[in-house]
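Chain by chain, the residues:
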Amino acid sequence: MALRGCQGNAENENKLSQPVYCICDGPSALQRRVNQQLVAACQQGKLTASKNRAEGEKVNWKTNQALQDIVADLPRFTQALTELADRLGLDIAPLDADHISLRCHQNATAERWRQGFEQCGELLSENIINGRPICLFKLHEPVCVAHWQFSVVELPWPGEKRYPHEGWEHIEIVLPGETETLSARALALLSDDGLSQPGIFVKTSSPKGERERLPNPTLAVTDGKVTIKFHPWTLEEIVASEADDTTM
């Protein structure tokens, strides 16, 4: 009868009085007892994690197992974003960007990322925009790109458009001022030579959630790999407008 070792984490190892083995040829009293011990250890681990969150322990998103694919993707995004800004002649140093956004192809990926972010921050908003759910999270530890430190992450569920890459997709720069002049003010920051390069595309839109009260025009510039967006309000101002709407 073959035996196979089952490894646990360091926290759970001291909960078991002896090495754990699973009998692979069928159930037995030993296997049932081992399973019961493993279940108890896992439950204790969950209780400890819940207690830590309740006591205010801040979890860094970079250490969350559900988010390791986007941890690994961040250097690619940072380099691609810097290259796009250089092509556009955009000086990002004096500009404020209030959030960073992801894109994915599958609902299962969005759900996994959501679970990860819920352990590393708080849900600011959940809304339907252009027919799909979009969640905003405020993280305990920021996502660092260039000189920016993003505490707000936008997580949209997949829509009709299929993006070339699953991971970080855009940042949004805030240009406070009249909404009617947003596009002109954003384009003034970009060079004509940069905008005329092959593969550079400009798009304007006015996405709006079901409960949003502020007009939120957006100008987006992309090279097909990453996108830089401009809008007049911070996302937290948009979320506050949703809250004002619910009190009316």
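This text follows the structure it describes.
Presented here is a report on the structure given in the accompanying data block.

Moving on, we get to the overall build of the chain. Tallying secondary structure elements over the chain gives seven helices and 10 strands in all. The buried share of the chain, taken over its 248 residues, is 40%. By sequence separation, contacts in the chain at least 24 residues apart represent 64% of the contacts at least 6 residues apart. Accessible area of the chain: about 13800 Å², with a carbon and sulfur share of 50%.

Time to look at the pattern of salt bridges. The tally for this structure, following the rule as stated, stands at six salt bridges. Between R112 and D69 there is a salt bridge, and its shortest N-O distance comes to 2.9 Å. Here D69 lies in helix α3 (residues 68–88) and R112 lies in helix α4 (residues 107–120), a separation of 43 residues in the sequence. Residue class for R112 comes out partly exposed when judged on its relative accessible area of 32%. The exposure class assigned to D69 is partly exposed, which follows from its relative accessible area of 34%. As a salt-bridge pair, K138 and E236 come within 3.5 Å of each other at their nearest N and O atoms.

It is worth spelling out the side chain of T109 at this point. Among the secondary structure elements, T109 is positioned in helix α4. Note on T109: relative accessible area 8%, which makes it buried. Excluding residues within four positions of it along the chain, T109 makes contact with C104 and E166.

Pairing geometry for strand β4 (residues 121–129) and strand β5 (residues 132–145), over eight bridges, is antiparallel. Of the residues in β5, the one forming a bridge with G121 is L139. Linking β4 to β5, which pair antiparallel, is a turn of two residues; within it N130 sits at a positive phi near 55°. Pairing between β5 and strand β6 (residues 148–156): eight bridges, direction antiparallel. Opposite C135, over in β6, you have L155 as the bridge partner. Counting the residues that bridge the hairpin from β5 to β6 gives two residues, and of these A146 lies at a positive phi of roughly 55°.

Strand order in the open sheet formed by eight strands is β4-β5-β6-β3-β7-β10-β9-β8, and the pairing between neighbours is mixed. Every interior strand has two partners, whereas the edge strands, β4 and β8 (201–205), have only one. Ignoring which end each strand starts from, the neighbouring axes of this sheet average 25° apart. Lying over the sheet, α3 contacts β3 (97–103), β5, β6, β7 (167–174), β9 (218–222) and β10 (227–231), oriented at roughly 50° with respect to β7. The sheet strands contacting α4 are β3, β4, β5, β6 and β7, and the helix crosses β5 at an angle near 50°.

The subject of this paragraph is α3. End to end, α3 covers 31 Å across 21 residues, agreeing with the expected 30 Å (1.5 Å per residue, within 8%). Taking the largest bend as the criterion, α3 deviates by roughly 35°, centred on L74, and proline P75 comes between one and four positions later. Phi turns positive, to about 65°, at G89, one or two residues after α3.

The rules behind the values
- Residues numbered from 1 in each chain as written.
- Predicted model: local features only at pLDDT ≥ 70, side-chain atom pairs only at ≥ 80, totals over all residues.
- Heavy atoms only, no water.
- Helix = DSSP H or I, 4+ residues; strand = E, 2+ residues; numbered from the N terminus.
- Buried < 20%, exposed > 50% of the residue type's maximum accessible area, 1.4 Å probe, protein only.
- Contact = heavy atoms within 4.5 Å.
- Areas by Shrake-Rupley, 256 points an atom, 1.4 Å probe, with all protein chains shown as cover.
- Salt bridge = Lys/Arg side-chain N within 4 Å of Asp/Glu carboxyl O.
- Pairing = 2+ DSSP bridges.
- Axes fitted to C-alpha atoms, helices over the stretch in contact; angles between N-to-C directions.
- Expected span 1.5 Å × (residues − 1).
- Bend = angle between axes of the 7 residues up to and from the residue.

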